[in-house]
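Listed below are the residues making up each chain.
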Amino acid sequence: MDMAAQHPTAALLLCEVVMEILSWVPAKPVPRLKLVCKSWNSIISHPHFVKLHLHRSPKNAILLFTRAQALTLGGEEKQSLVLSSVESFIQNPSSSLDAQENRHSLHVADWVSGSCNGLVCVADILFHSNDDICDIWFRLWNPLTGFVSVNTPCLRANVHNSFGFGYDESSDSYKVVTVIPDSSGTVTAHVYSFRDGSWKTINSLPAILFYAEDNNGHFIGGTLNWLGLRNPRGDDYDWADVTLDMLMIVSFDLKSDTHKQILLPKGIDEMPREEPILGVWGNRLYLLHDYKNTHFIAWQMKEFGDENSWTQLLKISFHHLGVERLFPEFIFENGNIFMLRGRHCFEEVFYDRRDNSVKRINNLANNSYFIAFDYVESLVQPC
């Protein structure tokens, strides 16, 4: 160290070596390493190191769950956020969800709208009792470092809205998008940049998005993606009246704040009995739907944005899965393992297409339900 202090070149080389070594250390212990010395604190706090460490962090190794305790008579709903490795969750979901060391409390009004680069976007929603209007504030939270951003300015919207959260690499900005339809069928996107600290309005999106609790925008390739209906006639619809040519994927580009449509696989030749579901694992987009309410079909887009790259991964009967209706919840291992809702809301079914095996887990004893997100631990703390 004395030699490094006397020779600036040697000091710079030592700094680069330390940065290289630390960038491979798992994220959880890195904040404590700031206490080793001033130079390590300076290295670890530098934005270049934060990005380098994120780039080298293992992807798709951790899951984030928003867990809600079912209401009991006279009680209040309790929400929490739980982190778990993919491996331990698949082996024992109940133990993973019950682990106290990786649990964080959420407020009753909080709703997780997405996770990206270790940041969780949380919506605080205040519903108005007399109409279908709500007020929404968003904040960013890093569960590892404890970083919490200030709330966004309030956004007033009708309750039939959908969220999406992602990262615009070109401007180094994290953005949340809220898509809001009105009764006339006009669909508006409100985009908030946490870097600029301002809302931007994008009018006339081409579709009404499916209204569902878990219809968050799926982040992939710098875009947010939702399933929707082309040529809507209002903010409400009857699935029985929907035709195949009305179905589309709305893809919103976070760099340009523009949108385009992505066509569904050409192999879909019959309307699903229930609304299809989008999913993302790794850098692949998935479309999941039922066939005649008897089979589960999964498609994978091998090259995002290339509609000709849709490939059917599987078609399997509900009878084999032991389910009565389609309710996919998550995708693991590059489309090899699918988690579905079982015969009741507390039963999980894992299907592994590699060996055609089915595993059932009953979470009834926990009396809770959850929504899963892909997550990566990081040191990211945006301005």
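The structure contained in this document is the topic of the report that follows. (Residues numbered from 1 in each chain as written. Predicted model: local features only at pLDDT ≥ 70, side-chain atom pairs only at ≥ 80, totals over all residues. Heavy atoms only, no water.)

### Description of the nonpolar core
Among the nonpolar cores identified, the biggest contains 34 residues, and Phe49, Ile136, Phe138, Leu140, Phe165, Tyr174 and Phe194 are the most heavily contacted of them. Counting 32 residues, the second-largest nonpolar core is a separate cluster that includes Ile316, Phe332, Phe338 and Leu340. (Core = buried A, V, L, I, M, F, W, Y, C linked by side-chain atoms within 4.5 Å. Buried < 20%, exposed > 50% of the residue type's maximum accessible area, 1.4 Å probe, protein only.)

### Concerning unusual backbone geometry
Positive phi outside glycine occurs at Glu333, with the angle close to 50°. As for its position among the elements, Glu333 is in the loop between β21 (328–332) and β22 (337–341). Although it is not a glycine, Asn356 adopts a positive phi angle of roughly 60°. Among the secondary structure elements, Asn356 is positioned in the loop between β23 (347–352) and β24 (357–362). (Helix = DSSP H or I, 4+ residues; strand = E, 2+ residues; numbered from the N terminus.)

### A look at the pattern of salt bridges
A complete count under the given rule lists 14 salt bridges for this structure. Residues Asp172 and Arg195 are paired through a salt bridge, measuring 3.9 Å at the closest nitrogen-oxygen approach. Residue Asp172 is found in the loop between β8 (162–168) and β9 (173–181), and its partner Arg195 is found in the loop between β10 (187–193) and β11 (198–202); the two are separated by 23 residues along the sequence. By relative accessible area, Arg195 is classed as exposed at 52%. Here Lys292 ties to Glu270 by a salt bridge, and the two come within 3.1 Å at their closest N and O atoms. Within this pair, whereas Lys292 is found in the loop between β18 (284–291) and β19 (295–301), its partner Glu270 is found in the loop between β16 (258–262) and β17 (277–281), the two being separated by 22 residues in sequence. Judged by its relative accessible area of 36%, Lys292 falls in the partly exposed class. Each of Asp168, Lys175, Lys200 and Asp257 takes part in one network of salt bridges that share partners. (Salt bridge = Lys/Arg side-chain N within 4 Å of Asp/Glu carboxyl O.)

### Quick notes on the pairing of β17
Burial runs high along β17: four of the five residues are buried. Between the antiparallel neighbours β17 and β18 lie two residues, among them Gly282 with a positive phi of about 65°. (Pairing = 2+ DSSP bridges.)

### A word on the pairing of strand β14 (residues 223–230)
Within β14, eight of the eight residues are buried, which leaves the element mostly enclosed by the surrounding structure. Direction of pairing for strand β13 (residues 218–220) relative to β14: antiparallel, over a ladder of three bridges. Note that in β14 the partner of His218 across the bridge is Asn225. Between β13 and β14, which pair antiparallel and follow one another directly, the connecting turn spans two residues, one of which, Gly221, has a positive phi of 55°. In this sheet, strand β15 (residues 247–253) lies alongside β14 in antiparallel orientation, the contact comprising seven bridges. The partner of Gly228 across the bridge, within β15, is Met248.

### Some words on the packing of aromatic side chains
Applying the stated rule across the entire model yields 14 aromatic pairs. Taking the centre distance of 4.6 Å and the plane angle of 40° together, the rings of Phe65 and Phe89 count as tilted. Of the two residues, Phe65 is situated in strand β1 (residues 62–69) and Phe89 in helix α6 (residues 86–91); the sequence distance between them amounts to 24 residues. Across the pair, exposure class does not vary: Phe65 and Phe89 are buried alike. (Phe/Tyr/Trp six-rings, centres within 6.5 Å; stacked < 30°, edge-to-face > 60°.)

### Digging into the sheet that holds β22
If you walk across this open sheet you meet the four strands as β21-β22-β23-β24, and the pairing is antiparallel. Unpaired on one side and paired on the other, β21 and β24 mark the two borders of the sheet. Averaged over all pairs of adjacent strands, the angle between strand axes in this sheet comes to 20°, irrespective of strand direction. With five bridges connecting them, β22 and β23 associate as antiparallel partners. Bridge pairing in β23 links Leu340 to Val349. (Axes fitted to C-alpha atoms, helices over the stretch in contact; angles between N-to-C directions.)

### Brief notes about the sheet that holds strand β20 (residues 310–317)
One open sheet accounts for four strands, arranged β17-β18-β19-β20; its pairing is antiparallel. Lying at the two open borders of the sheet, with one neighbouring strand each, are β17 and β20. Across this sheet, the average inter-strand angle for adjacent strands is 25°, counted without regard to direction. Looking at chain direction, β19 and β20 are connected through seven bridges and run antiparallel. Among the inter-strand pairings, His295 is bridged to a residue of β20, identified as Ser317.

Read these as geometric descriptors, not functional statements.
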